[in-house]
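# Breakdown of the fold
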Amino acid sequence: MGAPLSVWPWEYLGAFKYLLYGPLLAKVLHSRFDEEDKWCLHILIVCALRAFTYQQWSSYSSMLFLTRNRRIFQTGIDFKQIDTEWNWDNFIILQGLIGYIAIYILPSMPISLWDTRGFILALVLHIAASEPLYYFSHRYLHGDYLFTHYHSLHHSSKVPHPFTAGNSTFLEQLMLSVIIGIPILSPFLIGYGSISLIYGYILTFDFLRCLGHSNTEVVPYQIFEAFPLLRYFLYTPTYLSLHHTEMGTNLCLFMPLYDKLGNTLNSKSWDLHKKTSSDSGKNRTVPDFVFLAHVVDVTSSLHVPFVFRGFSSMPFKTRLFLLPLSPIALVVLLLMWAWSKTFLISFYNLRGYLHQTWAVPRFGFQYFLPFARDGINKHIEQAILRADRLGVKVISLAALNKNEALNGGGTLFVNKHPNLRVRVVHGNTLTAAVILHEIPDNVEEVFLTGATSKLGRAIALYLCQRRVRVLMLTLSTERFRKVLKEAPADCQKYLVQVSKYQGAQNCKTWIVGKWITPREQSWAPPGAHFHQFVVPPILPFRRDCTYGDLAAMKLPDDVQGLGSCEYTMERGVVHACHAGGVVHFLEGWTHHEVGPIDVDRIDIVWKAALKHGLKPV
């Protein structure tokens, strides 16, 4: 059993905790004229604005394309921290309920929209009461017993984030409710209260809390050089970050003055802030490996950390709450088409090396528009050249970025820039290996769609050498014969051209490299299994058949700072082409992997992936 008040009363309610707002909402709906019910409406609005404030700060701090050079802690936020902070908004519910109770306890009095006297009194009380009360409370929370049973939860978050500010125990948030309540309630008790005071003080309080925990230094050091005393009245993200590394220092709420008076001010505070702020215009970190992705569609474009961190930490699937945001995403799509360039989405560390994911600002459907191809290739080329300038070792092309019809699987860029130091990799060798190793050893016949594509060709050639009969679906006899000529003479009899799906009605192993409709799936016999390397994945229409996922591998267990899922992949799992680039980098291979797949290297790449700790899923 935990310490008293260390657990939230509604901890086990999950998402149903939001029903606690029910009494306030019911009051608002019950009457539009009762003064009490107007207060309930204000409480609900304030709670919504508070959540919005934290969400906006979360989005900003996760916009690595804007903040990467302003970050204080360079490590990423992993899944463990995200899960720990999942209920970060508990304090908003708590303080909303406290406000609801206060309506009935406090005497009713006329309230103005604005009262300057109330703002002045609130400021004085914040400086003279809330700040010292928080300072001494925080100092006691760092004592052995209180820290172990209460405050350690907050410090379990290794990288500060706006949601970290709300990640604390029930007791701590009760204490903070008193601290935030003093400057608000006192003016009301003497008749100086106003609606503006409630909104202004609470939202300013939250803004400053988010600022401190943002892990992004946005306060320019020049302000403190121009006004030296200001540094004692306003903390910075760098100031608070030192508290998370040296916990006995920098204990204040917002004003370092109390750390100075209490002799807990970290001596590094000002110098570190100046260094972090002055370095914000420089490239402080250079990735070793880059995975160059693109947006799939409008809905999945919201599956990124800078939109909803929690949502991006789970495998993507369409959810109802995303639908109202789709028009906004569509507008962003048009703006990206006009002005955006390749940008940084996420990163993780593996064995001391920095791996980043960049995104080409184009959606999947745009890759099939003839007039858009030159522009897309230009974005990919610029990303490769930028990686080359930075000193990136390997850049791996995702999905449609390596489309054969678009750029020959990356061949276009390697031929155009023969002196590239960065290695360009399509990763399809490992993709082929993953698909092939999913096929049971006792399979004697497979049906292959997309049979003459880059991956289809490699799969067909590999399987025929294993004496597996491959039914290759293609209408082009010329393309079939081209693949057939590449097979060893004694293996060519295992490659068979078929032109209709009916030709596979007795084959229970389907390898799908081209999207097929439910009608086309109906030709598969009961008990068939669909392997696939097509994006988007085919619809699981047949209940009497089984469906494999897209080719993927789980990253090694020692990966650090990984906190977002790659499209529909599970946590820690990446597409095989991403994994192929990682293996290329870890092996230190110096060749480009572009164009047709070298069938002889499929087993080599597979064994290298297993050697480095990547696992099939």
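Residues numbered from 1 in each chain as written. Predicted model: local features only at pLDDT ≥ 70, side-chain atom pairs only at ≥ 80, totals over all residues. Heavy atoms only, no water.

The next thing to look at is helix α8 (residues 170-189). With 20 residues, α8 ought to run about 28 Å at 1.5 Å a step, and its terminal C-alpha atoms sit 27 Å apart, in line with that. At Gly181, α8 is deflected by roughly 45°, the largest bend along its length, and proline Pro183 occurs up to four residues later in sequence. Buried residues of α8: Phe170, Glu172, Gln173, Leu176, Ser177, Ile179, Ile180, Gly181, Pro183, Ile184, Pro187 and Phe188, and no others. Within two residues after α8, Gly191 carries a phi angle of roughly 85°, on the positive side. (Helix = DSSP H or I, 4+ residues; strand = E, 2+ residues; numbered from the N terminus. Expected span 1.5 Å × (residues − 1). Bend = angle between axes of the 7 residues up to and from the residue. Buried < 20%, exposed > 50% of the residue type's maximum accessible area, 1.4 Å probe, protein only.)

Here we come to the side chain of Gln173. Here Gln173 is to be found in helix α8. A relative accessible area of 2% means that Gln173 is categorised as buried.

Okay, the sheet that holds strand β12 (residues 552-554) next. Spatial ordering of the open sheet is given by β14-β12-β15, a layout of 3 strands whose pairing is antiparallel. Each edge of the open sheet is held by one strand with a lone partner, namely β14 (573-575) and β15 (615-616). (Pairing = 2+ DSSP bridges.)

Right, let's get into the packing of helix α6 (residues 116-141) against α8. Two numbers describe how α6 lies on α8: the axes approach to 7 Å, and their chain directions differ by 160°. With respect to their mutual orientation, α6 and α8 come out roughly antiparallel. Crossing hand, α6 versus α8: right-handed. Contacts from Gly118, Leu121, Ala122, Leu125, His126, Ala129, Ser130, Leu133, Tyr134, Ser137 and Leu141 in α6 reach Glu172, Met175, Leu176, Val178, Ile179, Ile182, Pro183, Ser186 and Pro187 in α8. For the contact of α6 with α8, the class distribution of residues is 14 nonpolar, 5 polar and 1 charged. (Axes fitted to C-alpha atoms, helices over the stretch in contact; angles between N-to-C directions. Parallel < 35°, antiparallel > 145°, perpendicular 65-115°, else oblique. Left-handed = near helix turned anticlockwise from the far one by under 90°. Contact = heavy atoms within 4.5 Å. Nonpolar A, V, L, I, M, F, W, Y, C, P; charged D, E, K, R; others polar.)

For the rest of this paragraph, the subject is the pairing of strand β4 (residues 394-397). Regular strands show a simple pattern: their side chains alternate between the two faces of the sheet. The two faces of β4 match: Val394 and Ser396 on one face and Ile395 and Leu397 on the other face are all buried. Summarising the sheet, strand β1 (residues 289-294) and β4 pair through 4 bridges and their orientation is parallel. Looking at the pairing, Phe291 lines up with Ser396 of β4. For β4 and strand β5 (residues 423-425), the ladder comprises 3 bridges, and the chain directions are parallel. Bridge pairing in β5 places Ser396 opposite Val425.

Taken in spatial order, the 6 strands make up an open sheet running β8-β7-β6-β9-β10-β11, and their pairing is parallel. With one partner strand each, in any of the chains shown, β8 (495-498) and β11 (546-550) form the two edges of the open sheet. Averaged over all pairs of adjacent strands, the angle between strand axes in this sheet comes to 20°, irrespective of strand direction. Here strand β10 (residues 529-532) runs beside β11; their pairing, made up of 3 bridges, is parallel. Counterpart to Phe530 in the pairing with β11 is Tyr547. Contacts from helix α21 (residues 477-486) reach β7 (469-473) and β8, with the element oriented near 170° to β8.

As a further point, take unusual backbone geometry. Within the chain, Asn250 stands out as a residue other than glycine whose phi angle is a positive 50°. Inspection of the secondary structure puts Asn250 in the loop between α11 (237-245) and α12 (257-261). Take Asn250: its relative accessible area is 3%, and that puts it in the buried class. For Arg351, which is not glycine, the phi torsion reads 55° and is therefore positive.

The subject of this paragraph is helix α16 (residues 373-390). Three- or four-residue spacings in an α-helix give side chains the same orientation, since the helix completes a turn every 3.6 residues. Counted at 1.5 Å a residue, the expected span for α16 with its 18 residues is 26 Å, and the 26 Å between its end C-alpha atoms agrees. For α16, the full list of buried residues reads Ile376, Asn377, His379, Ile380, Glu381, Ala383, Ile384, Ala387 and Asp388. If you follow the buried residues of α16, they end up packed against β1, β3 (353-360), β4, α17 (404-407), α18 (411-416) and β5. Looking one or two residues beyond α16, the residue adopting positive phi is Gly391, at roughly 100°.

Secondary-structure assignment places Ala487 in the loop between α21 and β8. Look at Ala487 and you get buried, because its relative accessible area is 5%. Considering only alpha carbons, one finds Ala487 and Leu171, 316 residues apart in sequence, at a separation of 71 Å. Residue contacts for Ala487: discarding those within four places in its chain leaves Leu461, Cys464, Gln492 and Leu495.

The next point concerns a nonpolar patch on the surface. A cluster of nonpolar side chains, namely Ile223, Phe227, Leu229, Leu230 and Phe233, defines an oily patch on the protein surface of about 490 Å² accessible area. With respect to the helices and strands, Phe233 occurs in the loop between α10 (221-226) and α11. (Patch = residues over 30% accessible without salt bridge, like charges linked within 9 Å, V, L, I, M, F, W, Y side chains within 5 Å. Areas by Shrake-Rupley, 256 points an atom, 1.4 Å probe, with all protein chains shown as cover. Salt bridge = Lys/Arg side-chain N within 4 Å of Asp/Glu carboxyl O.)

Turning next to the packing of aromatic side chains. Overall, the coordinates contain 29 aromatic pairs when judged by the stated rule. For the ring pair Trp337 and Phe371, a centre distance of 6.4 Å and an interplane angle of 5° mean the geometry is stacked. Separated by 34 residues along the polypeptide, Trp337 in helix α15 (residues 326-339) and Phe371 in the loop between β3 and α16 bring together distant segments of the chain. Residue Trp337 is classed as partly exposed on the basis of its relative accessible area of 30%. Here the aromatic residues Phe308, Phe311, Phe316, Phe321 and Tyr567 are joined through ring pairs into a cluster of three or more. A cation over a ring is seen here: Arg231 above Trp270, with NZ or CZ 5.2 Å from the ring centre. In this structure, Arg601 packs its charged tip against the face of Trp589, placed 4.6 Å from the ring centre. (Phe/Tyr/Trp six-rings, centres within 6.5 Å; stacked < 30°, edge-to-face > 60°. Lys NZ or Arg CZ within 6 Å of the ring centre and 35° of its normal.)

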